[in-house]
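# Per-entry structural report
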Amino acid sequence: MNYVTDDYLNNYLRTVQPHYDGVLGEIEKESRAADVPIIPHETARLLSVLLTLKKPKNILEIGTAVGFSSGLMTRYLEEGGTVTTIDRFEVMLKDARKNIKRMGLEDKIKILEGDAADILPELSGPYDVIFLDAAKGQYSAFLPHCIRLLNIGGLLIVDDVLQGGDIAKTRFAVPRRQRTIHKRLKNFLWDISHTDVLTSSIVPIGDGLAVCVKVKEPNSPIEFSNKESKDE
Ligand code: SAH
């Protein structure tokens, strides 16, 4: 896991902001100890704040892993609300199902198993919040769907957008095998920052979190760039 902030700061943030109580807290602890990918604690805290403000009824998550962030987000649902969460990795989903049961959240979390590239076009939403936390190289491809599926005023929250800070460097300073992702993520960040459909902020927390509000419907179907990154 990459972080854009220094360890001493991350450690402080994790110490000053208490861990979640109950089974959710146990799942967080176990997952970190086992190196299972879950959002950093400080990102979880920001998510808690955003969702407290938003009071969502329906949430879509792309990237379930073992169900930690799904479980977290159910805490902020309006009465009768649900979290729908997508993952394609059965090994993770097996644990996610176990954890969802442990948390007693079977009626609030619905898992859709498969590749989000196949599932997203089939969904009709609408959702109040979409949390995108999957393969970074696909974020651009998922963006038009996320916009289509969100209500106006809905939040799109995207994790891991800063590539450990490499995003701010020229591609020549980035290891060769990281360059495709580097270019795709830069295009993604350019797109969310320049469309008038979203008001966006890129927050350097964890490995970078983009927070976007859908402010209007697009006039025509959105076509985002396959363009070269702007500064190269
Ligand atoms: N949100 C989780 C962590 C997700 S880790 C939490 O904080 O608790 C990322 C997950 O995304 C992995 O489990 C991986 O299998 C899944 N993933 C990546 N790309 C995907 C795709 N295209 N479709 C479905 N799942 C995907």
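Residues numbered from 1 in each chain as written. Predicted model: local features only at pLDDT ≥ 70, side-chain atom pairs only at ≥ 80, totals over all residues. Heavy atoms only, no water.

## Considerations on the overall build of the chain
Regarding its fold elements, the chain presents eight helices and seven strands. For a compact globule of 232 residues, the expected C-alpha radius of gyration is about 17 Å, and the chain comes in at 17 Å, within 12% of that figure. Projected onto its principal axes, the C-alpha coordinates of the chain cover approximately 50 × 40 × 35 Å. With 232 residues in all, the chain has 47% of them scored as buried. Contacts in the chain between residues at least 24 apart in sequence constitute 69% of all its contacts with a sequence separation of at least 6. Carbon together with sulfur atoms contributes 52% to the accessible area of the chain, which is approximately 11500 Å² in total. (Helix = DSSP H or I, 4+ residues; strand = E, 2+ residues; numbered from the N terminus. Rg over C-alpha atoms; globule rule 2.2 N^0.38 Å. Buried < 20%, exposed > 50% of the residue type's maximum accessible area, 1.4 Å probe, protein only. Contact = heavy atoms within 4.5 Å. Areas by Shrake-Rupley, 256 points an atom, 1.4 Å probe, with all protein chains shown as cover.)

## Focus: helix α7 (residues 139-149)
What α7 keeps buried is the set Y139, F142, L143, C146, I147 and L149. Buried residues along α7 cover an arc of 155° about the axis, so they all sit on one side. (Arc of directions from axis to C-beta.)

## A word on the nonpolar core
In this structure, I62, I86, L120, L123, I130 and V161 are the most contacted members of the largest nonpolar core, which totals 32 residues. Counting only elements with at least two residues in this core, the list comes to β1 (58-62), α6 (116-119), β4 (127-132), α7, β5 (150-159), α8 (179-194) and β7 (209-214). For this core, the leading source of residues is α7, giving six residues. Apart from the residues within four sequence positions on either side, L123 is in contact with L60, I86, L112, R148 and L149. I59, M73, M92 and V129 belong to the second largest nonpolar core, which has 30 residues in total. (Core = buried A, V, L, I, M, F, W, Y, C linked by side-chain atoms within 4.5 Å.)

## Structural notes on the site of the ligand
Around the ligand, 21 residues are found, and the nearest of them are G63, S69, D87, D133 and Q138. Take D133: an N or O atom from its side chain is 2.8 Å from a nitrogen atom of the ligand. Relative to its unbound accessible area of 580 Å², the ligand is 92% covered by the protein chains. Its residues assigned to classes, the shell around the ligand shows eleven nonpolar, five polar and five charged. (Near = heavy atom within 4 Å. Polar contact = N/O pair within 3.5 Å; in protein donor to acceptor, adjacent residues only side chain to side chain. Nonpolar A, V, L, I, M, F, W, Y, C, P; charged D, E, K, R; others polar.)

## Thoughts on the pattern of salt bridges
Note that side chains of opposite charge can pair when their charged atoms are close. Overall, the coordinates contain twelve salt bridges when judged by the stated rule. D21 is paired through a salt bridge with R75; the nearest N and O atoms lie 2.9 Å apart. Of the two residues, D21 sits in the loop between α1 (7-16) and α2 (22-33) while R75 sits in the loop between α4 (68-74) and β2 (82-87), which places them 54 residues apart along the sequence. For D21, a relative accessible area of 52% puts it in the exposed group. Classification of R75 by relative accessible area gives partly exposed; the value is 40%. In this structure, the salt-bridge partner of E90 is R97, at a minimum N-O distance of 3.4 Å. (Salt bridge = Lys/Arg side-chain N within 4 Å of Asp/Glu carboxyl O.)

## Description of the pairing of β7
Counting buried positions over the six residues of β7 gives five, a clear majority of the element. Pairing of β5 with β7 involves five bridges; the strand directions are antiparallel. Residue pairing for β7: L155 is matched across the bridge by V213. Remark: five residues form the turn of the hairpin made by strand β6 (residues 198-203) and β7, two consecutive strands paired antiparallel; G206 in that turn has positive phi of roughly 60°. (Pairing = 2+ DSSP bridges.)

## A closer look at the sheet that holds β4
Taken in spatial order, the seven strands line up as β3-β2-β1-β4-β5-β7-β6 in an open sheet, and their pairing is mixed. The open sheet is flanked by β3 (109-113) and β6, the only strands paired with a single partner. Recorded for the sheet is a direction-independent mean angle of 15° between the axes of neighbouring strands. Each of β5, β6 and β7 is contacted by α8, which is oriented at about 135° to β6, the strand it contacts most. (Axes fitted to C-alpha atoms, helices over the stretch in contact; angles between N-to-C directions.)

## Re a nonpolar patch on the surface
Together, Y8, L9, Y12 and V16 give the surface a local cluster of nonpolar side chains, amounting to about 430 Å² of exposed area. With respect to the helices and strands, Y8 occurs in helix α1. By relative accessible area, Y8 is classed as exposed at 62%. (Patch = residues over 30% accessible without salt bridge, like charges linked within 9 Å, V, L, I, M, F, W, Y side chains within 5 Å.)

## Focus: the confidence of the model for the chain
Residues of the chain with pLDDT of at least 70 account for 97%, and the chain-wide mean is 94. Here residues 228-232 is modelled with pLDDT under 50, and outside its nearest four sequence neighbours on either side it reaches ten contacts, counting other chains as well. (pLDDT = per-residue confidence, 0-100.)

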